[in-house]
Amino acid sequence: MNVALLIVGNEILDGSTTDTNSGWVARQIQGRGSQVVRTAVVPDDRAEIAAGLDFLLAARPRLVVTLGGLGPTRDDLTVEAVAAHLGLPVEENAAGAAIVADRYATLAAQGRVSDTTSPAAQEARAKMARLPVGAHALDNQVGAAPGVWLDHTLPDGGALSVLNLPGVPSELKWIVTNAAGEHLQRVLGTGFFRSATIVTSTNDESELSGTLAAFDAAHSGLDVYLKSRAKRFGPDVRMQATISTHGAYLDDVTARIDEAIDGFRSLLADASIEVLSVDYDE
């Protein structure tokens, strides 16, 4: 299945926030045997969100995942803009309203927000529960804004699903890992992704080139991806490489990446390069 990502936020474009969400989501998508074919980054603007969607939909994705713009403030426009672009009205979603009310009650009981009756605050909170007609509200046990899942039929009869996620990384990860799991499995299937970072003793990426080529030749049928990661030159630099793989079964994926690491380690030894550390990534 092809998937596209729409990252929404002025803070990403002006450099005040570094986007880590899209990489994490892409790894989860790849782990399910699907692939991200396009991404776009747009500001908090209805017209720009619509233009971003046009760009992504031209690639005919089965699923579009939006990241950011689900909160209570005036510039949190993603859900409304996506709905408008698909020709769908928004209305109060009962499940979404319950999620928002429960989360704010819990946060107030914990002393993390005020137990306010301010009309402006109540309206801002209600905004997060206005979802496209037919959408499913997804629980968010880290923040307050529900995630949104929408199954939609395009004018040409094609099937499109949209997953709206908040921009706060901890909230996004919780929703993907928990509340959105059933929907992702239904549309994309089940799968797993694993990666590891290998730190080597060399400070010269060119010294790794022969080992990388030898690895590709020796592991062509293993369905793993090996990439060196050069950042700068310097006597204190140690070249890193990442190995990643994905598949339908966790045991197979784990065994495959361990086999790949062992093979890479052996090839590095042949080139008189040491492995200083192996760190399995999240």
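Scope of this entry: the structure provided in the associated data block. Treat the numbers as computed from the prediction; the structure is a model and nothing was measured.

Some points on the packing of helix α2 (residues 21–31) against helix α7 (residues 169–179)
Okay, step 1: Packing of α2 against α7 brings their axes to within 11 Å, and their N-to-C directions diverge by 15 degrees. In terms of their interaxial angle, α2 and α7 are classed as roughly parallel. α7 is crossed by α2, and the crossing has right-handed handedness. Contact residues: N21, W24, V25 and Q28 in α2; P169, L172, K173, V176 and T177 in α7.
Okay, step 2: Partitioning the contact of α2 with α7 into residue classes produces five nonpolar, three polar and one charged.

Side note on the pairing of strand β1 (residues 2–8)
Okay, step 1: Summarising burial for β1: six of the seven residues are buried, a large majority.
Okay, step 2: Pairing geometry for β1 and strand β2 (residues 35–42), over seven bridges, is parallel. Paired with L5 across the two strands is T39, which belongs to β2.
Okay, step 3: Across five bridges, β1 lies against strand β3 (residues 63–67) in parallel orientation. Counted as the bridge partner of L5 is V65 from β3.

Definitions and limits used
- Residues numbered from 1 in each chain as written.
- Predicted model: local features only at pLDDT ≥ 70, side-chain atom pairs only at ≥ 80, totals over all residues.
- Heavy atoms only, no water.
- Axes fitted to C-alpha atoms, helices over the stretch in contact; angles between N-to-C directions.
- Helix = DSSP H or I, 4+ residues; strand = E, 2+ residues; numbered from the N terminus.
- Parallel < 35°, antiparallel > 145°, perpendicular 65-115°, else oblique.
- Left-handed = near helix turned anticlockwise from the far one by under 90°.
- Contact = heavy atoms within 4.5 Å.
- Nonpolar A, V, L, I, M, F, W, Y, C, P; charged D, E, K, R; others polar.
- Buried < 20%, exposed > 50% of the residue type's maximum accessible area, 1.4 Å probe, protein only.
- Pairing = 2+ DSSP bridges.

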